[in-house]
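Chain by chain, the residues:
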Amino acid sequence: MRDKADVVIVGAGVVGCSIAYHLCLAGVRDVLLLEKLPAAGQGSTAKANGGIRAQWSTPIHIELSNYSISAYERFNEETGGDCGLVRAGYLFVTADPEREASLRRNLVLQQELGVPARWLTAGGIAGIAPYARCDDLQGGTYSPQDGFIDPHGCTMGYLRAAGRMGAELQTGTEALEITRDGRGVTGVRTSAGLVATRKVVNAAGPHAGVLAERAGAQVPVQPVKRMLACTEAIGGAPPVIPMTIDMDTGLLIRREGQGIVLGHSDPADPPGFDTGFDPGFIEVVSEKALVRFPFLAEAQISPKRCWAGLYPETPDHHAILGPCPDLPGFYLAVGFGGHGLMHAPATGRALAEMIAGGECRFMDVSALRPERISEGDLVTETTVL
Ligand SMILES: Cc1cc2nc3c(=O)[nH]c(=O)nc-3n(C[C@H](O)[C@H](O)[C@H](O)COP(=O)(O)OP(=O)(O)OC[C@H]3O[C@@H](n4cnc5c(N)ncnc54)[C@H](O)[C@@H]3O)c2cc1C
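All values derive from a computational prediction rather than experimental measurement.

**Some remarks on the site of the ligand**
Next up, step 1: Around the ligand, 40 residues are found, and the nearest of them are Glu 35, Thr 45, Asn 49, Gly 51 and Met 342.
Next up, step 2: A distance of 3.1 Å separates an oxygen atom of the ligand from a polar backbone atom of Val 15.
Next up, step 3: Contacts to the ligand include Ser 44, whose backbone N or O atom sits 2.9 Å from an oxygen atom.
Next up, step 4: Relative to its unbound accessible surface of 1000 Å², the ligand loses 97% to contact with the protein.
Next up, step 5: Contributing elements (two or more residues each) for the shell around the ligand: helix H1 (14-25), strand E13 (222-231) and strand E17 (301-313).

Here you go:
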């Protein structure tokens, strides 16, 4: 392994690979990506549902999505990879007047920020989602610009393009300690030896809190298990459907080949690194599906087609981006919860501008600065899936 680099990025998930790519574009090409697993993109990135949406409740999330959606539109041409973008839309529906009010509030903000989302009545929803029970709905929001991307394609596109510009990936190598002197970071002690550097990026996904401790810093990122279940082939819905979210049960569904993927996040799930799939989840989502998606009543779900992964969660469901206040030269790109894949393009550019030029200029990401946690200046997202 090489013994020095201008920048070392710990974690070769989609976020780390995007940062490497954007650093190279910014002219910083002596970049080393360290990954403890045998290949890039095998952490949380490999478990993602592939959704990309600008329908959020906070300005910073909407702006990160606006930038990232257009970056994914240009992705194939710019990186030579294939991000697999499919414009299938996201559809949020509710039968509850309070949730309707909240969706309408979000919609106003989204439209102000240029998102082509619109309000649909129950009849309008039935036109787009004939597979949903609509008679009791208050309505919902729909944006045709949202959709799906391929996590593996995104990661590999960034990684290979970064590699062509000079970045290197070292797999099977764990960062064990971030070393320091009186001025800040001096290097990374790894399972394969020492790398000298003045700049380290924490892109360790759900392990970001552990890596921060190895740098003597505190970063409030907790791993939380999230599960998805996929049915066997089933009719009753078109071959391409929007990500459809029943706000009342918290269930979301999408097409996966001939089957349907069902997802649900339980906010009461305790933090932990366990990624075993819990078969009880099948019963939970099957019951919820009956409320809004009766065509799924006959669905067969085998645990073999189900999986679990980790959301890297923060106290306010927003990522933490920027220089770590505890240690000069240690940068944070952590805590992406269920939106790290979709926000990887904006994150990569933001970190690259901070590292190469001292500040992020293309977008104001100060709402996500690490200090906000200790200042108590949290930005709370209400549309967490
Ligand atoms: C079930 C599920 C569904 C999801 N759906 C979506 C979705 O629809 N849309 C979306 O945008 N996001 C979704 N996400 C979230 C998304 O997967 C994550 O936010 C994103 O993948 C985070 O990327 P990352 O690069 O930060 O982390 P990771 O992909 O986990 O990468 C971090 C890497 O760091 C490595 N690492 C950690 N510690 C060390 C160390 N000390 N030394 C060396 N290497 C280390 C790990 O091995 C890992 O490969 C979902 C997540 C799950 C679990």
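**Section: the side chain of Gln 110**
Next up, step 1: With respect to the element layout, Gln 110 can be found in helix H3 (residues 97-112).
Next up, step 2: Residue Gln 110 is classed as buried on the basis of its relative accessible area, which comes to 2%.
Next up, step 3: Gln 110 has contacts with Ala 54, Gln 55, Trp 56, Ile 62, Val 115 and Ala 117, leaving out every residue within four places of it along the chain.

**Concerning helix H7 (residues 280-292)**
Next up, step 1: What H7 keeps buried is the set Phe 281, Ile 282, Val 285, Ala 289 and Arg 292. Mapping the buried residues of H7 onto a view down its axis gives an arc of 95°, with all of them on the same face. Every exposed residue of H7 that faces more than 90 degrees away from the buried side is listed here: Glu 283 and Glu 287.
Next up, step 2: Taken together, the buried residues of H7 touch strand E4 (90-94), E13, strand E14 (243-246), strand E15 (251-256), strand E16 (259-264) and E17.

**Here's the deal with the pattern of salt bridges**
Next up, step 1: Under the counting rule described, the total for this entry stands at 22 salt bridges.
Next up, step 2: A salt bridge links Glu 174 to Arg 214, with the shortest nitrogen-to-oxygen separation between them at 2.8 Å. Residue Glu 174 is found in the loop between strand E8 (168-170) and strand E9 (175-181), and its partner Arg 214 is found in the loop between helix H6 (208-213) and E13; the two are separated by 40 residues along the sequence.
Next up, step 3: For Arg 226, the salt bridge goes to Asp 269, with nearest N and O atoms at 3.3 Å. Residue Arg 226 is located in strand E13, and its partner Asp 269 is located in the loop between E16 and H7; the two are separated by 43 residues in the primary sequence.
Next up, step 4: For Asp 269, a relative accessible area of 29% gives the class partly exposed.
Next up, step 5: Several salt bridges share partner residues, and in doing so they unite Arg 133, Asp 135, Asp 136, Asp 246 and Arg 292 into one network.

**Examining the pairing of E16**
Next up, step 1: By the criterion of burial, E16 is predominantly enclosed, with 6 of the 6 residues buried.
Next up, step 2: Side-chain alternation along E16 places Gly 259, Val 261 and Gly 263 on one buried face and Ile 260, Leu 262 and His 264 on a second face that is also buried.
Next up, step 3: In this structure, E13 lies alongside E16, joined through 4 bridges in antiparallel fashion. In the strand pairing of E16, Cys 230 is matched with Val 261.
Next up, step 4: From the end of E15 to the start of E16, which pair antiparallel, there are 2 residues, and Gly 257 there has a positive phi angle of about 60°.

**Side note on the packing of aromatic side chains**
Next up, step 1: Counted according to the given criterion, the structure contains 8 aromatic pairs.
Next up, step 2: When the centroid spacing of 5.2 Å and the interplanar angle of 45° are considered together, the rings of Tyr 21 and Tyr 158 count as tilted. Of the two residues, Tyr 21 sits in helix H1 while Tyr 158 sits in helix H5 (residues 151-165), which places them 137 residues apart along the sequence.
Next up, step 3: Tyr 158 gets classed as buried once you look at its relative accessible area, which sits at 2%.

Cut-offs applied
- Residues numbered from 1 in each chain as written.
- Predicted model: local features only at pLDDT ≥ 70, side-chain atom pairs only at ≥ 80, totals over all residues.
- Heavy atoms only, no water.
- Near = heavy atom within 4 Å.
- Polar contact = N/O pair within 3.5 Å; in protein donor to acceptor, adjacent residues only side chain to side chain.
- Areas by Shrake-Rupley, 256 points an atom, 1.4 Å probe, with all protein chains shown as cover.
- Helix = DSSP H or I, 4+ residues; strand = E, 2+ residues; numbered from the N terminus.
- Buried < 20%, exposed > 50% of the residue type's maximum accessible area, 1.4 Å probe, protein only.
- Contact = heavy atoms within 4.5 Å.
- Arc of directions from axis to C-beta.
- Salt bridge = Lys/Arg side-chain N within 4 Å of Asp/Glu carboxyl O.
- Pairing = 2+ DSSP bridges.
- Phe/Tyr/Trp six-rings, centres within 6.5 Å; stacked < 30°, edge-to-face > 60°.

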